[in-house]
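Residue-level listing of the chains:
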Amino acid sequence: MITYQLVIEGSYFSSASFDKADFTPESLICVDQSGIIDRVISVSENDYQTVKQAAIDNDILKKVPSGSYLLPGFTDLHIHAPQWPQAGLALDKPLNEWLNTYTFPLEAKFKDLNYAKKVYQSLIKELLANGTTTGLFFGSVDTDANLVLAKICAQLGQRAFIGKVAMDNPDQTPDYYRDETSQVALSETESFIKQLQQLQQETGADLTPVITPRFVPSCTDETLQGLGDLAQKYNLPIQSHCSESIWEDQYAIDRFNLRDAEVLTKFGLLTDKAVMAHGTQLSDSDLELFEQKQTAIAHCPISNAYFGNSIMRVQAAQQHHVKVGLGTDISGGFSPSIYRNMQQAIMSSQMLQDSGQANTRLSASNAFYLATVGGAKALHIKSGQIKADFKADLQIVQDQYFELSSNQASEIFERLVYHTNKENIKQVYVAGKLVHNNQGENNGK
């Protein structure tokens, strides 16, 4: 028998497809020493009891309590890490005022590394407590602060994709918070890439540098081109915003006489490793371009309600075979919970349908797929499903209405999607390692 680091006994939900979430009753999830699910053994298989007893003997069996279920960990495709202290602040203001009065002054404070450490400790603990096992982060302009974020992700066990934000266009960025020149933006980005790769080698943590132009208006042509070149040189993921708002779309047309997606393509920033946030204004031709480039979209439904001027057309993206996952967009979105964003994605889709756009409605199964499989596929990681050869990124979630309501699997699943809050998430594992524990050490063991 393979020596496992963990065996979990319980029932679980995992996406079978965009439209279907499967329920599997009592099983053993066997996690190997590298944090990969080696086997999922159903109770009817011959060696179920043998493997279970061996796990008990080795003190590595974790039994999911009655009324709780195992779910895959979530991937959050869009987090502005330095904006965590202002989550929920000034969301009634226009975007330009929100950025210049609140956001840029806050991000500039991250030159203070003690402040950065305090904020990032809080943020990463909060994300893990909400079941987010992988995060795609915008850092700040300051390389050293971004390395603080990376070290905290390594210490606390979150898988992290992190970008040093590049922004050097003096017309659209404040003088106190920008890269001094394009050369500085590019050299600091390259320095961050090398330092993060070194940190990854030293710690063994799952850390990946990401090319991060804030968005087209923030960057000069030279910087956009240079970042596209760096992405190609180092074969790295890219993240930015695309067609988040009517203003952003119009800005691209006014400056380049091209649509936002076309500008990003022009500079080599729309690739199969790119994740573009929001996309509320994406046209059918934009989606065709995303399909051609195999670029993913981070759907941020809470944030889009405040700043997106529209609702992202998830079903249209699916029909174009465009990868879509969910993002909280801290702090354009106030909540660090992907559960809250699943709920908002479903509600927003109903509003889109009610506005006369046919076939736009999302189900709980659709939203769950985006939170798990969609996000993992966007980042090319084998996560988001509970099956052999996938990373053991898992959350144990309590159905708080288990004693009151129907225990049909489909109804339990919908309750978990709609009612789970941080208090109901009892344990979280990244690659088989316990990274969040909201219950007694021996409870359920």
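This is a predicted model, so every value here is computed, not measured.

Caption draft 1: Focus on the packing of helix H12 (residues 338-354) against helix H13 (residues 364-378). Running from N to C, H12 and H13 point in directions that differ by 135°, and their axes come no closer than 9 Å. Taken as axis vectors, H12 and H13 run oblique relative to one another. For the element pair H12 and H13, the recorded crossing hand is right-handed. On H13, the residues touching Ile338, Met342 and Ile346 of H12 are Ala364, Ala367, Phe368 and Ala371.

Caption draft 2: Region of the structure containing H13. Here H13 contains 15 residues, and its C-alpha end-to-end distance of 20 Å stays within 8% of the 21 Å for a straight helix at 1.5 Å per residue. Most pronounced at Leu370, the bend in H13 amounts to some 40°.

Caption draft 3: Highlighting the layout of surface pockets. Looking at the largest pocket, its volume works out to about 380 Å³. Along its surface, the largest pocket is lined by 20 residues, and Gly204, Asp206, Val430, Ala431 and Lys433 are the ones closest to its centre. Put simply, the parts of the chain that give the lining of the largest pocket at least two residues each are helix H4 (143-156) and strand S18 (433-437). With three residues, S18 is the largest single contributor of residues to the lining of the largest pocket. Residues that form the lining of the largest pocket fall into these classes: eight nonpolar, eight polar and four charged.

Caption draft 4: The sheet that holds strand S12 (residues 238-242), seen in detail. The strand order S12-S13-S14-S15 describes an open sheet built from four strands, whose pairing is parallel. Two strands bound the open sheet, and with one partner strand each, they are S12 and strand S15 (324-326). Taking each pair of neighbouring strands and ignoring which way they run, the sheet shows an average axis angle of 30°. In terms of strand pairing, S12 meets strand S13 (residues 274-278) through five bridges, oriented parallel. If you follow Gln239 over to S13, its bridge partner there is Val275.

Caption draft 5: Highlighting the pairing of strand S1 (residues 6-17). S1 sits mainly inside the fold: 10 of its 12 residues count as buried. When S1 meets strand S2 (residues 20-31), the two strands line up antiparallel, connected through 10 bridges. Residue pairing for S2: Ile8 is matched across the bridge by Ile29. Taking the residues between adjacent antiparallel strands as the criterion, S1 and S2 are bridged by two residues. Pairing analysis gives three bridges linking S1 to strand S4 (residues 61-63), with the strands arranged parallel. Paired with Ile8 across the two strands is Lys62, which belongs to S4.

Caption draft 6: Quick look at the nonpolar core. Formed by 63 residues in total, the largest nonpolar core has its most connected members in Ile211, Met276, Phe290, Ile297 and Met342. Ranked by residue count, the leading element in this core is H13, at seven residues. By size, the runner-up hydrophobic cluster in this structure holds 30 residues, among which are Leu106, Phe110, Tyr120 and Val430.

Caption draft 7: Focus on empty space enclosed by the protein. According to the stated counting rule, one finds three cavities of 30 Å³ or more in the structure shown. Of the volumes computed, that of the largest cavity is approximately 160 Å³. Ranked by residue count, the leading element in the lining of the largest cavity is helix H2 (residues 95-108), at three residues. Residues belonging to the lining of the largest cavity are distributed by class as follows: five nonpolar, six polar and three charged.

Caption draft 8: How the structure looks around the packing of helix H3 (residues 113-129) against H4. It is at 9 Å that the axes of H3 and H4 come closest, and there the two elements cross at 40°. As far as their axial angle goes, H4 and H3 are oblique. Crossing of H3 against H4: the hand is right-handed. Contact residues: H3 offers Leu113, Ala116, Lys117, Tyr120, Gln121, Ile124, Lys125 and Leu128, while H4 offers Asp144, Ala145, Val148, Leu149, Ile152, Cys153, Gln155 and Leu156. Its residues placed into classes, the contact of H3 with H4 shows 11 nonpolar, two polar and three charged.

Criteria and thresholds
Residues numbered from 1 in each chain as written. Predicted model: local features only at pLDDT ≥ 70, side-chain atom pairs only at ≥ 80, totals over all residues. Heavy atoms only, no water. Axes fitted to C-alpha atoms, helices over the stretch in contact; angles between N-to-C directions. Helix = DSSP H or I, 4+ residues; strand = E, 2+ residues; numbered from the N terminus. Parallel < 35°, antiparallel > 145°, perpendicular 65-115°, else oblique. Left-handed = near helix turned anticlockwise from the far one by under 90°. Contact = heavy atoms within 4.5 Å. Expected span 1.5 Å × (residues − 1). Bend = angle between axes of the 7 residues up to and from the residue. 1 Å grid on protein atoms, 1.4 Å probe; cavity = no way out; pocket = protein on both sides within 12 Å on 5 of 7 lines; lining within 4 Å. Points joined across faces, edges and corners; volume = space filled by probe spheres on them. Nonpolar A, V, L, I, M, F, W, Y, C, P; charged D, E, K, R; others polar. Pairing = 2+ DSSP bridges. Buried < 20%, exposed > 50% of the residue type's maximum accessible area, 1.4 Å probe, protein only. Core = buried A, V, L, I, M, F, W, Y, C linked by side-chain atoms within 4.5 Å.

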